[in-house]
Amino acid sequence: MLGFCRGRRKFLAASLTLLFVPAVTWIYLFTGHFDDGKSVSLSPLDTQPHSPRYAASSQRESLEVRVREVEEENRVLRKQLNLVQGRSSLHRHGNRSKTYSMEEGTGDSESLRAGIVAGNSSECGQQPVVEKCETIHVAIVCAGYNASRDVVTLVKSVLFHRRNPLHFHLIADSIAKQILATLFETWMVPAVRVDFYDADELKSEVSWIPNKHYSGIYGLMKLVLTKTLPASLERVIVLDTDITFATDIAELWAVFHKFKGQQVLGLVENQSDWYLGNLWKNHRPWPALGRGYNTGVILLLLDKLRKMKWEQMWRLTAERELMSMLSTSLADQDIFNAVIKQNPFLVHQLPCFWNVQLSDHTRSEQCYRDVSDLKVIHWNSPKKLRVKNKHVEFFRNLYLTFLEYDGNLLRRELFGCPSETGVNSENLQKQLSELDEDDLCYEFRRERFTVHRTHLYFLHYEYEPANDDSDVTLVAQLSMDRLQMLEAICKHWEGPISLALYLSDAEAQQFLRYAQGSEVLLNRRNVGYHIVYKEGQFYPVNLLRNVAMKHVSTPYMFLSDIDFLPMYGLYESLRKSFLQLDMRNTKKALIIPAFETLRYRLSFPKSKAELLSMLDMGTLFTFRYHVWTKGHAPTNFAKWRTATTPYRVEWEADFEPYVVVRRNCPEYDRRFVGFGWNKVAHIMELDAQEYEFTVLPNAYMIHMPHAPSFDITKFRSNKQYRICLKTLKEEFQQDMSRRYGFTALKYLTAENNS
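Report follows, based on the coordinates. (Residues numbered from 1 in each chain as written. Predicted model: local features only at pLDDT ≥ 70, side-chain atom pairs only at ≥ 80, totals over all residues. Heavy atoms only, no water.)

### Describing the overall build of the protein
Then, in step 1: Secondary structure assignment for the protein yields 26 helices and 23 strands.
Then, in step 2: Burial analysis of the protein (754 residues in total) assigns 52% to the buried set.
Then, in step 3: Nonlocal contacts in the protein, meaning residues at least 24 apart in sequence, comprise 79% of its contacts between residues at least 6 apart.
Then, in step 4: Working note: accessible area of the protein is about 36000 Å², and carbon and sulfur atoms make up 53% of it. (Helix = DSSP H or I, 4+ residues; strand = E, 2+ residues; numbered from the N terminus. Buried < 20%, exposed > 50% of the residue type's maximum accessible area, 1.4 Å probe, protein only. Contact = heavy atoms within 4.5 Å. Areas by Shrake-Rupley, 256 points an atom, 1.4 Å probe, with all protein chains shown as cover.)

Now the structure itself:
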């Protein structure tokens with residue numbers, strides 16, 4: 001089709017040229033023009049009235065007037081040809097950043113105007129105008145953890161190509177809403193608005209329809225969009241979550257202008273033989289018009305659908321067909337097609353490239369082999385990327401491009417369009433503007449205000465709360481180089497875990513493949529994996545801890561690090577301790593004594609007695625005893641060796657134990673990034689808020705060896721890094737004095753004496 005359109009453009013240009021050249025030649029011969037543009041005077045008699053020569057002269061003058069008129073028309077023709085050819089060139093090179101009005105540059109030639117308008121009404125003409133800052137509305141039904149992950153790739157592909165403001169209408173269950181609300185809030189993409197509609201409230205609208213499709217009840221919710229979306233919304237593009245865009249969505253939005261008469265649904269023909277009823281013996285599909293239509297991409301004219309009483313129309317059709325069909329096989333698609341079978345006039349059929357359907361049983365190849373400009377890829381199979389299509393690698397690579405694309409690069413402004421900035425964005429800009437860019441510690445200070453894109457619950461999560469209000473979650477953070485610790489921690493800790501992972505988009509997919517290939521991780525549904533996407537030059541360790549803490553749903557938290565293995569049975573031991581120590585009614589921070597080994601292979605001690613024996617033999621050591629004794633010295637390991645009951649210790653300078661606290665404890669201070677003082681500041685805050693530090697006598701954790709982190713290497717090698725850390729420490733202590741007054745003076749005194 002595209003090649004045919006280009007041929008028509010060339011034919012139009014050639015035809016106009018052929019008409020233009022003879023006309024000018026004819027006029028030139030009959031008017032006596034020379035190259036200087038002046039007419040030739042033959043003799044004085046030529047100017048006498050009533051003479052034949054005068055008559056000829058008058059004829060020449062009228063011809064000269066006509067020449068000027070034709071030249072003006074030709075000038076307009078040339079301008080229009082250049083305009084059409086220029087637009088064609090822009091289209092061929094994929095530049096869709098601007099759409100053109102059909103009235104642009106038409107001059108005075110009404111016949112040419114009519115030709116251009118006629119051309120625009122065909123498939124070969126330019127798309128109808130979409131205003132530069134016109135908002136495009138997109139509706140998506142999304143439920144659960146996996147669909148929330150899939151929709152991100154769809155959104156990335158749309159954002160990558162878009163040139164218009166977008167308004168996403170997400171029909172989501174409580175899980176998807178929590179995940180996607182946080183994602184969009186932290187993504188902070190200009191000119192993008194997101195509204196949520198409670199899918200759980202819509203279940204009663206469609207739950208009466210038996211459905212065998214793998215999408216479940218949510219696969220029927222596109223039927224009720226006229227009722228769900230705002231009454232003021234006139235049109236919307238509806239997409240499945242397994243869609244990838246390869247073009248600007250504004251091109252699809254422009255197709256609404258092509259709807260005629262009673263057309264209210266824009267759909268692509270189904271590319272499988274499903275509705276033909278010949279896939280297997282006794283295969284009986286729902287009624288459909290020919291091959292039927294696929295509902296992965298739908299253009300809905302909501303205002304007209306409401307006037308047609310769409311709700312009543314689809315319900316009556318579904319009730320009638322269910323009397324014989326008993327259930328749907330393809331969810332909403334069956335019902336849409338049954339309605340269309342009775343009312344064909346409702347459909348504006350879209351070209352196949354707006355929904356190239358990839359599954360084992362489609363004729364999609366017949367679509368994309370005939371066009372050179374694929375626009376939407378639809379992975380409409382439960383097997384998704386594993387479908388048996390001979391070109392699947394090409395499509396898979398297109399999909400992976402957006403899957404692993406750095407979403408931070410999509411935070412670009414739409415210049416010339418007003419952008420609604422939220423309160424968070426305004427506060428962020430104000431905070432950043434107050435920083436001094438000439439400050440040598442500017443990058444450290446800026447990191448505190450960086451908003452990192454965050455995807456909560458990247459994998460499926462299940463947690464059943466304990467009845468006795470004594471459950472506890474292990475909290476930790478990690479980057480890609482600590483991924484190998486996950487399986488070991490899961491073997492040592494059977495309770496819920498909340499992890500914040502600092503990854504790039506590509507690393508997040510590597511993690512996904514790793515987790516899906518691990519039997520240990522697959523069997524653990526009570527681990528919450530929260531992806532915080534990389535941005536900036538520092539490891540935002542305290543932000544990561546805060547993200548993991550914020551999404552703990554148990555009453556207590558064990559604030560650990562990913563390179564520590566808790567003793568076997570610590571989870572159950574802690575739950576008993578909470579009751580014995582009356583943690584519900586007291587403000588305690590329970591200290592888990594920390595040890596370390598220098599051996600990569602360790603026979604992990606199964607009891608305190610075994611651990612003490614390994615300490616005596618030199619297989620284990622108290623944590624950081626040889627490089628940072630002050631960090632854990634107040635734990636009083638000598639006392640712990642013989643202790644049989646919990647004992648209280650006092651805060652000392654640089655104390656940074658691993659503790660178990662109630663869920664409502666203070667957050668970590670975000671000014672500390674990378675290496676240094678990140679835990680020290682938090683323990684100081686707990687002390688300022690009068691937490692009692694209690695050491696558990698029969699609990700322990702062991703640090704496993706690993707290569708030094710990039711941040712500790714920077715700390716050791718970069719003098720400016722150490723200077724800035726010292727500056728931040730001093731500012732933190734000053735802030736503590738302002739918040740806690742006289743109580744905080746001891747921190748300054750302790751620092752000066754240390």
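From this point, the discussion proceeds with the structure in view.
### Points about the packing of helix H10 (residues 310-325) against helix H11 (residues 332-342)
Geometry of a packed helix pair, given as the angle between the helix axes and the separation of the axes.
Then, in step 1: At a minimum axis separation of 9 Å, H10 and H11 run at an interaxial angle of 100 degrees. The angle between the axes of H10 and H11 places the two elements in the roughly perpendicular class. Counted together, Trp310, Met313, Trp314, Thr317, Ala318, Arg320 and Glu321 of H10 and Ile335, Phe336, Ala338, Val339 and Gln342 of H11 form the full contact between these two elements.
Then, in step 2: For the contact of H10 with H11, a count of residues per class yields eight nonpolar, two polar and two charged. (Axes fitted to C-alpha atoms, helices over the stretch in contact; angles between N-to-C directions. Parallel < 35°, antiparallel > 145°, perpendicular 65-115°, else oblique. Nonpolar A, V, L, I, M, F, W, Y, C, P; charged D, E, K, R; others polar.)

### Some details on helix H20 (residues 570-580)
Then, in step 1: All of the buried residues along H20 are Leu570, Tyr571, Leu574, Arg575, Ser577 and Phe578. Down the axis, H20 shows its buried residues gathered within 160 degrees of arc, on one side only. For H20, exposure combined with an orientation more than 90 degrees from the buried face picks out Lys576, Leu579 and Gln580.
Then, in step 2: Its buried side turned inward, H20 meets strand S12 (472-479), strand S15 (556-559), strand S16 (564-566), strand S17 (588-592) and strand S21 (658-662).
Then, in step 3: Once H20 ends, the next one or two residues include Asp582, with phi positive near 55 degrees. (Arc of directions from axis to C-beta.)

### Structural notes on the state of the cysteines
Then, in step 1: Evaluated as defined, the whole model comprises two disulfides.
Then, in step 2: In this model, Cys441 is linked to Cys724 through a disulfide, with the two sulfur atoms separated by 2.1 Å. In this structure the cystine formed by Cys441 and Cys724 twists about its S-S bond by roughly -95 degrees; its chirality is therefore left-handed. Here Cys441, found in the loop between helix H14 (423-433) and helix H15 (442-447), pairs with Cys724, found in helix H25 (residues 719-740); they are 283 residues apart in sequence, far enough to count as distant. Side by side, Cys441 and Cys724 carry an identical accessibility label, which is buried. (Disulfide = S-S within 2.5 Å.)

### What about the environment of Gly296?
Then, in step 1: Examined against the element boundaries, Gly296 turns out to sit in strand S7 (residues 293-301).
Then, in step 2: A relative accessible area of 0% means that Gly296 is categorised as buried.
Then, in step 3: Put simply, Gly296 and Val238 are 58 residues apart on the chain and 7.6 Å apart in space, counted from C-alpha to C-alpha.

### Here we look at the sheet that holds strand S3 (residues 192-198)
Two orientations exist for strands paired in a sheet by backbone hydrogen bonds: parallel and antiparallel.
Then, in step 1: A sheet is described by the order of its strands in space; here seven strands give the open sequence S3-S2-S1-S4-S7-S6-S8, paired in mixed fashion. Strands with a single pairing partner mark the edges of an open sheet, and in this sheet they are S3 and strand S8 (347-350). The sheet shows a mean angle of 25 degrees between the axes of neighbouring strands, taken without regard to direction.
Then, in step 2: In the sheet, strand S4 (residues 235-239) pairs with S7 via five bridges, with the strands oriented antiparallel. Bridging from a neighbouring strand, Arg235 pairs with Leu301 of S7.
Then, in step 3: In the packing of helix H5 (residues 174-187) onto the sheet, contacts are made with strand S1 (136-142), strand S2 (166-172) and S3, and the angle to S2 comes to roughly 155 degrees.
Then, in step 4: Taken strand by strand, H11 contacts strand S6 (265-269), S7 and S8, and its axis lies near 65 degrees from that of S7. (Pairing = 2+ DSSP bridges.)

### Brief notes about the packing of aromatic side chains
What characterises a pair of aromatic rings is the spacing of the ring centres plus the angle enclosed by the ring planes.
Then, in step 1: Scanning the entire structure with this criterion turns up 31 aromatic pairs.
Then, in step 2: Seen from their ring centres, Tyr502 and Tyr539 are 5.4 Å apart, and the 90 degrees between their planes marks the pair as edge-to-face. On the criterion of sequence distance, the pair formed by Tyr502 in strand S13 (residues 497-503) and Tyr539 in the loop between strand S14 (527-533) and helix H19 (541-550) is long-range, its members being 37 residues apart. Accessibility classification places Tyr502 together with Tyr539 in one group, the buried group.
Then, in step 3: Linked through ring pairs, Tyr145, Tyr457 and Tyr461 together constitute an aromatic cluster.
Then, in step 4: In this structure, Lys375 is placed above the aromatic ring of Phe353, and the distance from its NZ or CZ to the ring centre is 5.4 Å.
Then, in step 5: A cation sits over an aromatic face here: Lys608 above Trp640, 4.4 Å from the ring centre. (Phe/Tyr/Trp six-rings, centres within 6.5 Å; stacked < 30°, edge-to-face > 60°. Lys NZ or Arg CZ within 6 Å of the ring centre and 35° of its normal.)

### What to know about a nonpolar patch on the surface
Then, in step 1: Residues Phe742, Leu745 and Leu748 make up a contiguous nonpolar surface patch of roughly 320 Å² in combined accessible area.
Then, in step 2: Residue position: Leu745 is located in helix H26 (residues 745-753).
Then, in step 3: What makes Leu745 partly exposed here is its relative accessible area of 41%. (Patch = residues over 30% accessible without salt bridge, like charges linked within 9 Å, V, L, I, M, F, W, Y side chains within 5 Å. Salt bridge = Lys/Arg side-chain N within 4 Å of Asp/Glu carboxyl O.)

### Remarks on a negative patch on the surface
Then, in step 1: A contiguous patch of negative charge, built from Asp436, Glu437, Asp438 and Glu443, is present on the exposed surface.
Then, in step 2: Here Glu437 lies in the loop between H14 and H15. (Lys, Arg positive; Asp, Glu negative; His and termini not counted. Charge placed at Lys NZ, Arg CZ, Asp CG, Glu CD.)

### Let's talk about the pairing of S17
Then, in step 1: Taking burial as the measure, the five residues of S17 include five buried ones, the bulk of the element.
Then, in step 2: Here S17 shows two buried faces, one formed by Lys588, Leu590 and Ile592 and the other by Ala589 and Ile591.
Then, in step 3: As paired elements, S17 and strand S22 (residues 692-695) share four bridges and run parallel to each other. Along S22, the bridge assignment pairs Ile591 with Val695.

All we've got here are geometric facts, nothing functional implied.
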